[in-house]
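Letter by letter, the chains look like this.
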Amino acid sequence: MEKWMVAAKKADFEKWAKEFHISPVVARILRNRDLTDEESIRAFLYGERKDCHSPHLMKDMDKAADAVLEAIAEGVHIRVIGDYDVDGICSSFILTKGIRLLGGQADTAIPHRIHDGYGLNDHLIEVAKQDNVGLIVTCDNGIAAAAQIALANQYGIKVVVTDHHEVPFQNVTEEDGSIRRVELLPPAYAVVDPKQEACRYPFPGICGGVVAYKLIQLLEEKTGSSALKESMQELLEFAALATVCDVMELKGENRILVKEGLKALRNSSNQGLRALMEVNKIEPEKCNVYHLGFVIGPCLNATGRLDTAVRALELLMSTDHAEAMCAARELKELNDARKDLTLKGVEEAERYIREHGVERDKVMIVFLPGLHESLAGIVAGRIREKYNHPVFLLTKGEEGVKGSGRSIEGFHMYESMTAVRECFTRFGGHAMAAGLSMEEERVEEFREKINAVCTLSEDDFVPRVHIDVPMPIEYAGEELARELELLEPFGVGNSRPLFAQKNLTFVSAYRMGARGNFARFQVRTAEGHRASLVYFGDLEKFGRFLEEKFGPGTEEALYAGRASVSLSVVYQLGLNTYKGSTQVQLTMQHYC
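Cut-off values and rules
- Residues numbered from 1 in each chain as written.
- Predicted model: local features only at pLDDT ≥ 70, side-chain atom pairs only at ≥ 80, totals over all residues.
- Heavy atoms only, no water.
- Helix = DSSP H or I, 4+ residues; strand = E, 2+ residues; numbered from the N terminus.
- Expected span 1.5 Å × (residues − 1).
- Bend = angle between axes of the 7 residues up to and from the residue.
- Buried < 20%, exposed > 50% of the residue type's maximum accessible area, 1.4 Å probe, protein only.
- Polar contact = N/O pair within 3.5 Å; in protein donor to acceptor, adjacent residues only side chain to side chain.
- Salt bridge = Lys/Arg side-chain N within 4 Å of Asp/Glu carboxyl O.
- Contact = heavy atoms within 4.5 Å.
- Arc of directions from axis to C-beta.
- Pairing = 2+ DSSP bridges.
- Axes fitted to C-alpha atoms, helices over the stretch in contact; angles between N-to-C directions.
- Phe/Tyr/Trp six-rings, centres within 6.5 Å; stacked < 30°, edge-to-face > 60°.

Draft legend 1. Spotlight on helix 9 (residues 226-245). Here helix 9 contains 20 residues, and its C-alpha end-to-end distance of 30 Å stays within 8% of the 28 Å for a straight helix at 1.5 Å per residue. Of all bends in helix 9, the biggest is about 45°, found at Met232. The element helix 9 is largely enclosed, with a buried count of 15 among its 20 residues. Measuring from the backbone nitrogen of Ala227 back to the side-chain oxygen at the start of helix 9 gives 3.4 Å, which picks out Ser225 as the cap. Val247 sits one or two positions beyond helix 9 and adopts a positive phi of about 55°.

Draft legend 2. The pattern of salt bridges, seen in detail. Scanning the entire structure with this criterion turns up 31 salt bridges. Notably, a salt bridge pairs Arg33 with Asp468, separated by 2.9 Å at the nearest N-O pair. Of this pair, Arg33 sits in the loop between helix 2 (24-32) and helix 3 (38-46) while Asp468 sits in the loop between strand 14 (464-467) and strand 15 (469-470); the two residues are 435 residues apart in sequence, bridging distant segments of the chain. A single burial state applies to Arg33 and to Asp468, both of which are buried. One salt bridge connects Glu330 with Arg311, and the closest N-O pair in it is separated by 2.4 Å. Here Arg311 lies in helix 13 (residues 310-317) and Glu330 lies in helix 14 (residues 321-356), a separation of 19 residues in the sequence.

Draft legend 3. Just the environment of Gln105, in detail. Here Gln105 lies in strand 3 (residues 105-109). With relative accessibility at 46%, the residue Gln105 sits in the partly exposed group. Expressed as a C-alpha distance, the spacing of Gln105 and Gly429, which sit 324 residues apart in the sequence, is 31 Å. Contacts of Gln105, omitting those with residues within four sequence positions, involve Gly75, Val76, His77 and Ile78.

Draft legend 4. Region of the structure containing helix 6 (residues 122-130). If you check which residues of helix 6 are buried, you get Leu124, Ile125 and Ala128. Along helix 6, the residues classed as buried sweep out an arc of 100° about the axis, all on the same side. Buried residues belonging to helix 6 abut strand 2 (77-81), strand 4 (135-138) and helix 7 (146-154). A distance of 3.0 Å separates the backbone nitrogen of His123 from a side-chain oxygen at the start of helix 6, and that oxygen is part of Asn121. Two residues or fewer after helix 6 comes Asn132, characterised by a positive phi angle close to 60°.

Draft legend 5. View of the sheet that holds strand 9 (residues 364-367). Within the open sheet, the 5 strands sit side by side as 9-10-11-13-12. Their pairing is mixed. Two strands lie at the open edges of the sheet, namely strand 9 and strand 12 (426-429), each paired on one side alone. For this sheet, the mean inter-axis angle between neighbouring strands, taken without regard to orientation, is 15°. Both strand 10 (residues 391-396) and strand 11 (residues 401-406) contribute to a ladder of 6 bridges, which runs antiparallel. Bridge pairing in strand 11 links Leu393 to Ser404. Contacts from helix 14 reach strand 9 and strand 10 within the one sheet, and its direction differs from that of strand 9 by about 115°.

Draft legend 6. Representation of the side chain of Ser225 in the model. Relative to the assigned elements, Ser225 resides in the loop between helix 8 (208-223) and helix 9. By relative accessible area, Ser225 is classed as buried at 13%. Beyond its immediate chain neighbours, meaning those up to four positions away, Ser225 contacts Leu101, Leu102 and Glu220.

Draft legend 7. Representation of the packing of aromatic side chains in the model. Overall, the coordinates contain 19 aromatic pairs when judged by the stated rule. An angle of 75° between the planes, with centres 5.1 Å apart, marks the rings of Phe392 and Phe446 as edge-to-face. Placement of Phe392 in strand 10 and of Phe446 in helix 17 (residues 443-453) is noted, with a sequence separation of 54 residues between them. Aromatic pair Phe542 and Phe545: ring centres 6.5 Å apart, planes at 25°, arrangement stacked.

Structural measurements only, silent on function.
Below, the structure written as structure tokens:
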């Protein structure tokens, strides 16, 4: 069951259409993206890197940059400590390369997912002490590592935190009974995180890679380094990749950075990225958000899941084509293995849900002790997509239980976990995703308590389909399809526009794809206009829907060209180029 909702936000669409030389349809879509004035529309359509916010606006950013420059000048050993996901790998690359280009003695440490866990830990601090590290710069982690940073301080190691995760906090009860939220900032020399309350950065929804990029941007500004200036385009590619893979909203400067980063990627000089595109048969000039999020990103992620993310970083640092190709092939093989393990994990999770009655819970807790802990986040995401509930996927690690959570709109995962923090030995994250460690005997307690603090209603679990414009398919032509390209790149926060039409008559269909798991439908409007719709969704589910709604034999009749069934559909409009020929393509997304 879905709830279809038509956006009804108002504006002077005709005025916007004339001013920006767009159709009223596109003007309406822009308003649906919460753009309300000409300045924001201009930035959305034509924004460039110069329109992004200054790094100076981020709290402690200048202090962090000065600490790095001082360490470089004094020949101090600098260690960048990142994370094992794509954002952490990209952040590590950006900082390490940027500091080295300024002559800094910099190396990188990325925690091992199994042996170290997420972010800073005591072991990494002890190793840094042994290696005579004088400055640690974290990226995509550190905001929740107060104890570890305190240990570094004891050893005389200066720490600069660059992160983007939610700041840990505790609620303090005042004398009058009111509740005051108090941030628990780590005792670092500088803490750069746009999520902290005292930070006045205008757009806090950036990833760790962008925070790192901003730091290097500031270093380039302060030093005037020509080497660093020449590398900023390459570093932008990694900021864009991190933004997409960490599922940041493609709004504001995120949209600009990804748009400009994709342009740079199509002519990338980075041997590692070029090798990844080559082994995955991606034509560089056609590289888009999909390729970043679902092809390149997973290959980098696979190393941190099944091996060590250091291999991914070494690939990105590679300057030899043959060496990069060899490493890229290994990463692709790891990712292919990860795909198979993920499918098995999803099957096990669904079996657990059925056997333990988990579908009755608002927040679904799935405990699979035998699942490789590196797959918990992916499997949690798949279960969340199917059931539209917040999901925590728990596995058995070397020391107790580890888990990853994926949320839905209306359930702030990190804040909800903070309310039951006594269940965990460690946790962190943000609104839509989180990670945790806990003792096995507290799993059932966690299930009970997290559901007790959940305020979601049954209506919140009904998937919502937000329709931009109800529009007859006869208006969905090539001119509008090309105009929609102005709105790219599409992704979270800037989804591909959805259109809808009622009462389309489906008259015939044929299967497509090597396995026959896609379809093309011939449809007719009430006015007699004919068109074709392609569908890349679950054909078996669609077939069951037809049989239930119109009776047995309907699906067979449709593929035999003998059907005449009326459906309302939600569709997307685009262009498809095949063998040099470009045609309009209407893609069915939902039906009823």
